[in-house]
Protein chains: 2
Amino acid sequence: MLEQQVVHRYSVIGRSVPKIDGGEKVLGLARYLDDLELPNMLYGKILRSRYPHARIVRIDTGEAWRVGGVAAVITARDVSFNKMGILKDQPPLKDGKVRSVRDEVAAVAAVSEEAAERAVEAIRVEYEELDAVFDPEEAAKPGAPLVHEELGTNIIDLNFHFSTDSDMEGVFEGAYAVVEDEYRLQYMNASPLGTMGCIAYYNELGELTVYTNTQAPFLYRHELSQVLGLDPSKVRVVQPEIGGAFGRGMDIYPLDPITAALSIKTRRPVRILYTREEELQYAPPRQPAIIRMKTAATRDGKLLARDADVILDAGAYVSWGPFDGRVMMATTTGLYVVPHVRFRATVVYTNNPYCGTQRGAGNPQITFAIEQQMDSLAEELGLDPVEFRLLNANTPNMVTPQGMRISSCGMRECLQAVADAIGWRGRRMAGPGRGIGFAAYFHVGGGARVYRSDGCGSTISVDDYGVVTLVTGSTDLGTGSDTALAQIVAEELGIPLSKVRVVNSGETVRPWDVGTHASRATFVAGNSALMAAREIKRKLLEIASEILLVHPSKIVIRDGVVFSSEDPSKRIEFDKLVRRAHFRQGGEVLTASVFYDPPTEMQDERWMGNLSATYAFGAQAVMVEVDPETGVVKVLKVVSAHDCGRVINPAAAEGQVHGGVAMGLGYTLSEELVLERGRVINASLAEYLLPTSADTPPIKAIFVETEDRYGPYGAKGIGETGCIPIPAAVANAVYDAVGKRPKTLPIKPSQILGAG
Amino acid sequence: MLEQQVVHRYSVIGRSVPKIDGGEKVLGLARYLDDLELPNMLYGKILRSRYPHARIVRIDTGEAWRVGGVAAVITARDVSFNKMGILKDQPPLKDGKVRSVRDEVAAVAAVSEEAAERAVEAIRVEYEELDAVFDPEEAAKPGAPLVHEELGTNIIDLNFHFSTDSDMEGVFEGAYAVVEDEYRLQYMNASPLGTMGCIAYYNELGELTVYTNTQAPFLYRHELSQVLGLDPSKVRVVQPEIGGAFGRGMDIYPLDPITAALSIKTRRPVRILYTREEELQYAPPRQPAIIRMKTAATRDGKLLARDADVILDAGAYVSWGPFDGRVMMATTTGLYVVPHVRFRATVVYTNNPYCGTQRGAGNPQITFAIEQQMDSLAEELGLDPVEFRLLNANTPNMVTPQGMRISSCGMRECLQAVADAIGWRGRRMAGPGRGIGFAAYFHVGGGARVYRSDGCGSTISVDDYGVVTLVTGSTDLGTGSDTALAQIVAEELGIPLSKVRVVNSGETVRPWDVGTHASRATFVAGNSALMAAREIKRKLLEIASEILLVHPSKIVIRDGVVFSSEDPSKRIEFDKLVRRAHFRQGGEVLTASVFYDPPTEMQDERWMGNLSATYAFGAQAVMVEVDPETGVVKVLKVVSAHDCGRVINPAAAEGQVHGGVAMGLGYTLSEELVLERGRVINASLAEYLLPTSADTPPIKAIFVETEDRYGPYGAKGIGETGCIPIPAAVANAVYDAVGKRPKTLPIKPSQILGAG
């Protein structure tokens, strides 16, 4: 009987609800890029370089033009593109020189995929091969082949350097315990269900419409306009349903202006959509890293210092990949309380494929090093690894050395929770061949001001049936972020979730948003939606006050009914109130438009600044079994605890955790793009080993709800975090099982069986 | 040199600009209903009644189902529709009984138009014919065949009765001069380029999307949901480009729920689109009328009294046609200053096709009577017809007997202007066989509160390039109303027109609007857009004030530059200011959402109330030549003067006048749907005589700009008015030429040659 008295504080928030767009996806009604077929559409294909580094002597497109059904063949000579990329170092079509085998040399549009393919094969290119460099450490040395000769060096100065002390060596010299090691992380493909591509249509009025699965439609429009030299007001970006992105969609790539150029030449819609093989070869992979790290502790188990030296291979051009260095820096300085920290990353050009950012954005990489060193240090100090972590855990209301102001922080609770849930009793107690490992994480949880605006706009309008339409700048990548926004609006307005519609299919009618990245959708777009809903509610209560003759402060809206909190008999249905507001002289239809920009700071040139409005924390425990004969690591169980503030939709949050863990396990154990002289040689899902559901162990998600004071209903981000600690936790579990530390990903039997 | 000093008060308002969507229309890029082809789409056809009045004994659809490619065959038995229409007197598919040859008996969806056609022909229907009634006066008599037996009468009580006096006969008896006559007006097809139709798609989630060329998407959604018994929140209405409507799109028709039902049966998109022949037969025609009127004047040339008795044949069901009676009433009481007025309309059901409203909505019909009587009375009084009109013209700030409050009024100026422009020197001075006639008009010019809300919502957002997007509830029927809205926004924000985009393609993201009718788009949607633009401007000036260090009241925005009115060197470009507002900590993207409902009143049961926020006036002069041998009337010249307040876009306003005059000339001289036992027998453009450009005389448009105090930038409506006075003016010109008064439309040689 007592349980019935427990009143749930919210009606919609904190409830597990199906995705609002789940039905149309399950029924095949949702339209992805692949489903779009514009009238009169052409199909494009790109010819790439035969060599990782070469001069282009001559391109002969004569034969290609003669292939039946060809509408356009273009090379760099036929278009006037501006250079693209974060450092504007890449021409969309290469002229004079190619710097990787991914380099685009020519492109074709034809009436069918087959005709385009045949035409691409008919293009003759004469090259003069150049010496190439594939090892970033070699590339950084004087005398190495230069990827961009005009720069005189392969080293890219992104100023990734932070230090709390001028004499870090002195700090380490005085330490009681120090561990030091080197870690190497591989190329990984994000492998979303929806491959890269776009449809571009440039019409006779000089208007370009692009259908794209970008994560950042407003930045995309800006960048694409710049590369094409078009007036941005003539460029429209439409996002169909997006089948995942994981960071890939944060930049534009040569295929975007190339598709547009083919349409500009033909005045017909042109589609370029990668096959899975192309995706594996040409989509930007996760940034690989070589990490040299040392960590020191005091005799009483307190972290004293951490020093990281990272080498990042940008590839031939700079996309977002190397900027993972910023996140690595933040975690180096911010994960656990470390008074003395130094971080430095060297970024170099090579003739490898260039990298993009990917879920976690450098955080899985650096956490792999940090958390293995935590494990080693605990051992050196003779401390239980969980104890040691708890001793040094982040806490609420602290400030990191880079000036990041932590508001809520449930890190200790998360560590304790995973230790309890996995049945931790101490080292080497998991049974024969088995081991348990731990790792925690620190990540932005309230946006990330890496652009001058980190804001999001929302417009809400309420129709005569009480249906509330939210037009948001935010992009749902398929994660369910729209559902969270709908829940926030439904909760604030006291109406059922089924009465909220979310619209976000292009930038035309949407207010600005920086894009979905940095786990920001629920936090930033959620706060924006909440602001708009509050404005609508304010207006509604004013009108209800006139009708019910009750002061607005005494009026409650719940389950679609507006009533006096003091006399619930004074009531009116939500939709009826809306109609009363509208259908009268001087009536009004309720609409509100707002813009929310989080209270954060751009970091200064010393990398100081409160980048995010709040931060997310968590911990994972992993139990593994290692086959002593084969060296094969089997993950038996993952427990993943998250302080993501209040959980808006437990089912969706759990889905994010499961997805993140599975992605992290692939990264840890099986996924690796194997390069040979800069070329991906395992570009098929038969050889590139994505984990399947059969490979995925039981995953237990635990939520430590801290109710953040800045988050919408106390929520923080959770989009990326599931994948961050996994590699470190598995490595620590392997060490617990067999006493060997995997320092390279993916963990291979050879590492386990070899000398440790 | 002096002329260069004349400063145009506005930058965009009052300038002739091309339609903002003109380019895409000219280039064939605009997509009309006819251009839409949804994947997997079926084509629908409707079987109609063989008889004007009959019982349905049996329907056999067996053969129809056996036609190849047929996906659905439905009759009333297969669906559960609610009744539709203003009086809910019409089942979309007829069961038991048919009441006109337009009645829908069954419908088919098939993979091609041809298969659907064959299947419709294969449906066997057994009828039992009933006595029918086609003459509305006969139908009103006791004992006439009853169209709806259950009502016990064919007379529909719409309460169209207004009188200033209890004893009107007494007023007439005391009059110095009285004229009295009867006028008869025909059926007319609106003949927009785009024929009626819709595409409906009901998906597996129970969501219905309808693509329609309705004029009133929000009312359409409501009505359609009601007829289908669907939750309106599951119904979406999308408007592609609209190729004209002229009132036809103010109601929904059986084809709408029938198309939806075919999609509900098949779960596939279904399109029904009328051929031109179907359009002529089945689209709702202009309301025909029999008008008996008398008008009295005093000895000194003042109007004393007007009395109108009107018979309106609704047809078999009630759509908006008979509600033209309201407009007829307003003009009877409001055109010229008449102290004593009475109006009565009798509305009856017959077995004729039912009528819709059409440009002018009863006003051309009643003005035909009123203005001929003005002409006759002037003659009886021995007064010049222009003089007589000027003596009795409406004036600013008067109130009509129905309580309509006239604000601005340029009627006298219009009358004088057309007399001057046509070269009026007095009766019978136009030359042999020639004549000049005049007529004036009175029409709503600031919306018409015939629905409880006459409002319109607008949302404006400004992007980082200074592009301003207006999302309006308003519907552009092809008239250029969107261009007027864009001009208003551009003017208010001081930016070039090219920087404004207007979005209005469905109700999903649009705020409510009652629909485009009653010449309200520029006035109501214009005021709404203006409100939103002012809110944006207020925010912009605040931010500019911070940057320029100038008080907001001293800041001007013009031609895309924001500057101090006192020191123009303090300046910033509009787009730069927008970016400054956005890209800063705590920045904002400028958005505003507003709802404008005009300050008007619903008329009460006595038909009293200020229906419109302002009223439009004007006058036309027509010169004709009548061939004495053949009786053929040739219009040589039309001068059309309009007080539509400030003219926003002179080229577009002139286009409206030209189009209205041409439409009015067709009504006057050639267009007539000829019915034989309720069936249109001239349903082709070879027999239904639309005027061509070769039939259209030189038309001179004159604008008397009164700058109305309620209108956006002083504008009033002009969409309908060009066609209102034409029939009367031509009739008066014919009388001036040959001394015979045409009392029936269209004017035929037989009327001229016969006894006058």
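Not measured: the values here are computed from a predicted model. (Residues numbered from 1 in each chain as written. Chains lettered and ligands numbered in written order. Predicted model: local features only at pLDDT ≥ 70, side-chain atom pairs only at ≥ 80, totals over all residues.)

## Brief notes about the nonpolar core
One broad trend across soluble globular proteins is that nonpolar side chains are buried collectively. Grouped together as the largest cluster of nonpolar side chains are 510 residues, with contacts concentrated most on Val418(A), Val489(A), Val734(A), Val418(B), Val489(B) and Val734(B). Contacts of Val418(B), omitting those with residues within four sequence positions, involve Phe438(B), Ala619(B), Gln620(B), Ala621(B), Val639(B), Ala641(B) and Ile702(B). (Core = buried A, V, L, I, M, F, W, Y, C linked by C-beta atoms within 7 Å. Buried ≥ 20, exposed ≤ 12 C-beta atoms within 10 Å, placed from the backbone. Contact = placed C-beta atoms within 7 Å.)

## A look at the sheet that holds strand β10 (residues 197–202) of chain A
All names here are of chain A. On the basis of which strands lie adjacent, the open sheet formed by 7 strands has the order β3-β5-β1-β13-β10-β11-β12 and mixed pairing. In this open sheet, the two edge strands, each paired with only one partner strand, are β3 (70–75) and β12 (235–238). Across this sheet, the average inter-strand angle for adjacent strands is 20 degrees, counted without regard to direction. Note that β10 and strand β11 (residues 208–212) share 5 bridges and pair antiparallel. Across the sheet, Ile-199 pairs through a bridge with Tyr-211, a residue of β11. Helix-sheet contacts for helix α7 (residues 255–266) involve β1 (42–48), β3, β5 (104–110), β10, β11 and β13 (270–273), and the interaxial angle to β10 is about 30 degrees. (Pairing = 2+ DSSP bridges. Helix = DSSP H or I, 4+ residues; strand = E, 2+ residues; numbered from the N terminus. Axes fitted to C-alpha atoms, helices over the stretch in contact; angles between N-to-C directions.)

## A look at the interface of chain A and chain B
With 39 residues of chain A in contact, the opposing surface of chain B contributes 39 residues. Of all the elements in the fold, those that place two or more residues in the side of chain A that touches chain B are α1 (22–26), β18 (456–462), β19 (468–472) and β24 (591–596) of chain A. Of the residues forming the side of chain A that touches chain B, the biggest block, 4 residues, is contributed by β24(A). Counted by class, the side of chain A that touches chain B contains 15 nonpolar, 16 polar and 8 charged residues. (Nonpolar A, V, L, I, M, F, W, Y, C, P; charged D, E, K, R; others polar.)

## What to know about the domain arrangement of chain A
Residue and element names in this part refer to chain A. Taken domain by domain, chain A holds domain 1 (22–30 + 455–596), domain 2 (33–130 + 190–282) and domain 3 (363–442 + 612–753). For domain 1 and domain 2, the distance between their C-alpha centroids amounts to 39 Å. In this complex, domain 1 contributes 14 residues to the contact, which on the side of domain 2 involves 17 residues. Taken together, the residues that form the side of domain 1 that touches domain 2 break down as 4 nonpolar, 8 polar and 2 charged. (Domains from an automatic or database assignment.)

## What about the relation of the copies chain A and chain B?
When chain A is brought onto chain B, the operation consists of a screw motion whose angular component is 180 degrees and whose axial shift is 0.0 Å, with 0.0 Å RMSD remaining. Those values place the two copies in the arrangement expected of a two-fold rotation axis. Among all C-alpha atoms of chain A, that of Ser593(A) lies closest to the rotation axis, at 2.9 Å. (Least-squares fit on C-alpha atoms with pLDDT ≥ 70 in both.)

## Some remarks on the packing of helix α10 (residues 363–381) of chain A against helix α11 (residues 385–392) of chain A
Residue and element names in this part refer to chain A. Two elements in contact, α10 and α11, have axes separated by 9 Å at closest approach and are oriented at 105 degrees. The angle between α10 and α11 places the two elements in the roughly perpendicular class. Touching Met-374, Asp-375, Leu-377, Ala-378 and Leu-381 of α10 are Pro-385, Phe-388 and Arg-389, all from α11. For the contact of α10 with α11, a count of residues per class yields 6 nonpolar, no polar and 2 charged. (Parallel < 35°, antiparallel > 145°, perpendicular 65-115°, else oblique.)

## Observations regarding the sheet that holds strand β2 (residues 54–60) of chain A
To summarise the sheet geometry, strands pair through backbone hydrogen bonds and adopt either a parallel or an antiparallel arrangement. Residue and element names in this part refer to chain A. Taken together, 3 strands build an open sheet; the order of strands is β4-β2-β6 and the sheet is antiparallel. A strand with exactly one partner marks an edge of an open sheet, and here the two such strands are β4 (97–98) and β6 (124–129). Relative to β6, β2 runs antiparallel, the two sharing 6 bridges. For Arg-58, the partnering residue across the bridge sits in β6 and is Glu-126.

## With respect to the packing of helix α9 (residues 324–334) of chain B against helix α10 (residues 363–381) of chain B
Residues and elements named next belong to chain B. Packing of α9 against α10 brings their axes to within 8 Å, and their N-to-C directions diverge by 35 degrees. Considering only the axes of α9 and α10, their crossing is right-handed. In this structure, α9 uses Asp-324, Val-327, Met-328, Thr-331 and Thr-332 to contact α10, whose residues at the interface are Asn-363, Gln-365, Ile-366, Thr-367 and Ile-370. Class assignment for the residues of the contact of α9 with α10 results in 4 nonpolar, 5 polar and 1 charged. (Left-handed = near helix turned anticlockwise from the far one by under 90°.)

## Comments concerning the environment of Gly664(A)
All names here are of chain A. For Gly-664, the location among the structural elements is in helix α16 (residues 650–669). Accessibility expressed as a C-beta count within 10 Å gives 28 for Gly-664, which makes it buried. Counting along the chain gives 63 residues from Gly-664 to Pro-727, while the straight-line C-alpha distance between them is 6.5 Å. Filtering out sequence-adjacent residues up to four positions away, Gly-664 remains in contact with Pro-364, Gly-722, Cys-723, Ile-726 and Pro-727.

## Quick look at the environment of Val79(A)
Residue and element names in this part refer to chain A. Mapped onto the fold, Val-79 is located in the loop between β3 and β4. Once the C-alpha coordinates of Val-79 and Pro-396 are considered, the two residues, 317 residues apart in sequence, prove to be 55 Å apart. Excluding residues that lie within four positions of it along the chain, Val-79 makes contacts with Ile-74, Leu-93 and Ala-261.

## With respect to helix α6 (residues 217–228) of chain A
One turn of the α-helix equals 3.6 residues, which is why residues spaced by three or four share an orientation. All names here are of chain A. Between its first and last C-alpha, α6 extends 16 Å over 12 residues, near the 16 Å set by a 1.5 Å rise per residue. With respect to burial, α6 is a largely interior element, 10 of its 12 residues being buried. Within α6, burial applies to Pro-217, Phe-218, Leu-219, Tyr-220, Arg-221, Glu-223, Leu-224, Ser-225, Val-227 and Leu-228. Contacts from the buried residues of α6 go to β11, β12 and α7. (Expected span 1.5 Å × (residues − 1).)

## Side note on the confidence of the model for chain A
Residues with a pLDDT of 70 or more make up 98% of chain A, whose mean pLDDT is 95. Residue range residues 1–6 of chain A is modelled with pLDDT below 50. Its contacts to residues more than four positions away, or to other chains, number 0 contacts. (pLDDT = per-residue confidence, 0-100.)

## So, helix α11 (residues 385–392) of chain B
Within the span of α11(B), buried status applies to Pro385(B), Val386(B), Phe388(B), Arg389(B) and Asn392(B). The buried residues of α11(B) occupy one face: seen down the axis, they fall within an arc of 160 degrees. (Arc of directions from axis to C-beta.)

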